[in-house]
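Structure at a glance
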Amino acid sequence: LWALGSVPVIARVVITTVAHRRRLHAARPLADARVQRRVDAVAAHLGLSLRVAVRLGTAETMPSTAGMRRPVVLLPVTALTWHDAQLDAVVAHELA
């Protein structure tokens, strides 16, 4: 009975992981130095020693994070227009 109940949960985790990887691969690499500097500053403030990569999705993309060894933050393309405080808050939330 337990195994029967765990199958849908495991299936959902797999489907969600695959969908997130597809979104990450479809997103374009960040080419904006200001945003990368802000991400690096927030990561340093949080004590992260790894460099955090940033990728940009569509305007509808929800901010998200993936990876432990090579962290990647996925941001909507509209993040390029955010002011520093908003960008810092979103990145800090994603890296926390």
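I will try to describe carefully the structure that is included in this document.

Each value, and the rule that gives it
- Residues numbered from 1 in each chain as written.
- Predicted model: local features only at pLDDT ≥ 70, side-chain atom pairs only at ≥ 80, totals over all residues.
- Heavy atoms only, no water.
- Patch = residues over 30% accessible without salt bridge, like charges linked within 9 Å, V, L, I, M, F, W, Y side chains within 5 Å.
- Areas by Shrake-Rupley, 256 points an atom, 1.4 Å probe, with all protein chains shown as cover.
- Salt bridge = Lys/Arg side-chain N within 4 Å of Asp/Glu carboxyl O.
- Helix = DSSP H or I, 4+ residues; strand = E, 2+ residues; numbered from the N terminus.
- Buried < 20%, exposed > 50% of the residue type's maximum accessible area, 1.4 Å probe, protein only.
- Pairing = 2+ DSSP bridges.

1. Some words on a nonpolar patch on the surface
A contiguous nonpolar surface patch, about 250 Å² in accessible area, is contributed by Ile-10, Val-14 and Val-18. Looking at where Val-18 falls in the secondary structure, it is placed in helix H1 (residues 2-26).

2. Quick look at the pairing of strand S4 (residues 72-75)
Where burial is concerned, the two faces of S4 agree: the one with Val-72 and Leu-74 and the one with Val-73 and Leu-75 are both buried. Pairing of strand S2 (residues 53-56) with S4, which is carried by four bridges, proceeds in the parallel orientation. Paired with Arg-55 across the bridge in S4 is Leu-74. Sheet topology note: the strand S3 (residues 64-66)/S4 ladder contains three bridges and is antiparallel. Across the sheet, Thr-65 pairs through a bridge with Val-73, a residue of S4. Between S3 and the antiparallel strand that follows it, S4, lie five residues; Gly-67 among them carries a positive phi value of about 90 degrees.

3. Notes on the pattern of salt bridges
Summed over the entire model, instances satisfying the criterion amount to three salt bridges. Asp-88 is the partner of Arg-38 in a salt bridge, and the nearest nitrogen-oxygen pair spans 2.4 Å. With a gap of 50 residues between them, Arg-38 in helix H2 (residues 33-45) and Asp-88 in helix H3 (residues 84-95) connect regions that are remote in the sequence. Exposure remark for Arg-38: the relative accessible area of 25% places this residue in the partly exposed category. Note that Arg-51 is salt-bridged to Asp-40, the shortest N-O span being 3.7 Å. Of this pair, Arg-51 sits in the loop between H2 and S2 while Asp-40 sits in helix H2, and the two are eleven residues apart along the sequence. A residue is classified by how much of its surface remains accessible, and Asp-40, at 28% relative accessible area, is partly exposed.

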